[in-house]
Amino acid sequence: GQNIDQPTEMTATEGAIVQINCTYQTSGFNGLFWYQQHAGEAPTFLSYNVLDGLEEKGRFSSFLSRSKGYSYLLLKELQMKDSASYLCAVRDRNSGYALNFGKGTSLLVTP
Amino acid sequence: DTGVSQNPRHKITKRGQNVTFRCDPISEHNRLYWYRQTLGQGPEFLTYFQNEAQLEKSRLLSDRFSAERPKGSFSTLEIQRTEQGDSAMYLCATDPVTHTIYFGEGSWLTVV
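Position numbers for residues count from 1 along each chain, tracking the sequence in the order it is written. Chains and ligands are labelled sequentially in the order written, the chains with letters from A and the ligands with numbers from 1. Confidence filtering applies because this is a predicted model: local features only for residues at pLDDT of at least 70, side-chain atom pairs given and counted only at 80 or more, and all residues used for totals across whole chains, interfaces and linings. Excluding hydrogens and water, the side-chain figures rest on all heavy atoms present in the structure.

**A few points about the sheet that holds strand 8 (residues 75-79) of chain B**
Residue and element names in this part refer to chain B. We apply this condition: The rule for pairing is simple: two strands pair if DSSP sees at least two bridges between them. A run of H or I in DSSP becomes a helix once it reaches four residues, and a run of E becomes a strand once it reaches two; helices and strands are each numbered from the N terminus. Axes here refer to lines fitted to C-alpha atoms; in helices the fit is confined to the stretch in contact. Angles between the N-to-C directions go from 0 to 180 degrees.
Taking strand neighbours across the sheet as the criterion, the 4 strands line up as 1-3-8-7 in an open arrangement whose pairing is antiparallel. Only two strands of the sheet have a single neighbouring strand rather than two, namely strand 1 (5-7) and strand 7 (65-68). Here the strands of the sheet are splayed against their neighbours by 15° on average, with no regard to which way each runs. Pairing between strand 7 and strand 8: 4 bridges, direction antiparallel. Of the residues in strand 8, the one forming a bridge with F65 is I79.

**Some words on the packing of aromatic side chains**
Put simply, the rule reads: Between the rings of Phe, Tyr and Trp (Trp by its six-membered ring), a pair exists once the centres lie within 6.5 Å; its type follows the angle of the planes, with under 30 degrees stacked, over 60 edge-to-face, and the other angles tilted. Working rule: Lys NZ or Arg CZ, within 6 Å of ring centre, within 35 degrees of ring normal, means a charge sits over the ring.
A full pass over the atoms with the stated rule returns 17 aromatic pairs over all chains. Their ring planes at 20° and their centres at 5.0 Å tell us that F63(A) and Y72(A) sit as a pair that is stacked. For the ring pair Y33(B) and Y35(B), a centre distance of 6.4 Å and an interplane angle of 40° mean the geometry is tilted. Counting every residue linked through ring pairs, the aromatic cluster contains F33(A), Y35(A), F45(A), Y48(A), F101(A), Y33(B), Y35(B), F45(B), Y48(B) and F103(B). Across the ring face of F74(B), the terminal group of R22(B) is positioned such that the distance to the ring centre comes to 3.9 Å.

**So, the side chain of S107(B)**
For the record, the criterion: Any pair of N or O atoms that falls within 3.5 Å is considered a polar contact. Within protein, one atom must be able to donate a hydrogen and the other to accept it, and sequence-neighbouring residues count only if both atoms are side-chain atoms.
With respect to the helices and strands, S107(B) occurs in strand 11 (residues 107-111). Among the polar contacts listed, one links the side chain of S107(B) to the backbone oxygen of P8(B), at a separation of 2.7 Å.

**Re unusual backbone geometry**
Formally: Here's how the labels work: a residue is buried when its accessible area is under 20% of the maximum for its type, exposed when over 50%, partly exposed in between, all with a 1.4 Å probe on protein chains only.
Cis peptide bonds are those with omega within 30 degrees of zero, and the linkage from N7(B) to P8(B) qualifies with -5°. With respect to the helices and strands, P8(B) occurs in the loop between strand 1 and strand 2 (10-13). A positive phi is found at E77(A), a non-glycine position, where the angle reads about 45°. With respect to the helices and strands, E77(A) occurs in the loop between strand 8 (70-75) and strand 9 (84-92). Judged by its relative accessible area of 53%, E77(A) is exposed. Non-glycine residue N51(B) carries a positive phi angle of around 55°.

**A few points about the pairing of strand 6 (residues 53-57) of chain A**
Residues and elements named next belong to chain A. Here strand 6 pairs with strand 7 (residues 60-65) via 5 bridges, running antiparallel. Considered in strand 7, the bridge of G53 is made with L64. Hairpin connection, strand 6 to strand 7: the antiparallel pair is bridged by 2 residues, and G58 has positive phi, about 65°.

**Re the interface of chain A and chain B**
Stated precisely, the cut-off is as follows: When checking whether two residues touch, look at their non-hydrogen atoms; a contact exists if any pair is within 4.5 Å. Once two parts are joined, some of their accessible surface, as seen by a 1.4 Å probe, is lost; buried area is that loss totalled over both. Here, a salt bridge means any Lys or Arg side-chain nitrogen found within 4 Å of an Asp or Glu carboxyl oxygen. Charged means Asp, Glu, Lys or Arg here, nonpolar means Ala, Val, Leu, Ile, Met, Phe, Trp, Tyr, Cys or Pro, and polar covers whatever is left, Gly included.
Listed per partner, the contact involves 19 residues of chain A and 22 residues of chain B. Among the residues chain A hides against chain B, the three largest losses belong to R91(A), F101(A) and K103(A). Together they make up 25% of the total. Residue R91(A) is joined to D95(B) by a salt bridge in which the shortest nitrogen-to-oxygen separation is 2.2 Å. At the junction of chain A with chain B, the criterion picks out 5 residue pairs in polar contact (both at pLDDT 80 or more). Counting only elements with at least two residues in the side of chain A that touches chain B, the list comes to strand 4 (29-37), strand 5 (44-49), strand 9 and strand 10 (99-101) of chain A. Here the side of chain A that touches chain B gets 3 residues from one element, more than from any other, and that element is strand 4 of chain A. For the side of chain A that touches chain B, the class distribution of residues is 11 nonpolar, 5 polar and 3 charged.

Here it is in structure tokens:
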């Protein structure tokens, strides 16, 4: 089984930087994914990490430490439209390569 | 638009009725997944296909649930004798054997 933990809620100010943490435990780690999900919509892919280090994609960056079972998603220059739920998901080669999701972090960006 | 199409997008049904959802993936994507998501939770894995073969089923997938993927193309998820606890968004996702999994728009089920 897998335990994926991330904070339930976070609040940040427009223009600021926010870091959303995710910790996990898995036996057959095969990648960590971050998804964004707006209310009432399906998740949309943000990033993928399989090796340690930082992956940068525009305003969003994702970091992975496999030895610590830890990842974070960094959002820079926050915009109001970034208010959404951010889902951390781990892929396990022992589970048919399915993604197992955390419960998500609800981010509220305030003016 | 991820290219993964699901229908119907919304379904309201009476308890005890059967419902079927369909997923049309991007044609060259070999892996197909079904997930269920309830309010305030992350998506929960239901089942997984590699081409037409159903390779894994979650314990969440009771005997009232069945999924098929004939010919390795579109997939259907049927729920028999629906219960109020089945109310959720049902998500289809496909994977072109790379490291990106694409979700469809989801099918909302409300059981009344």
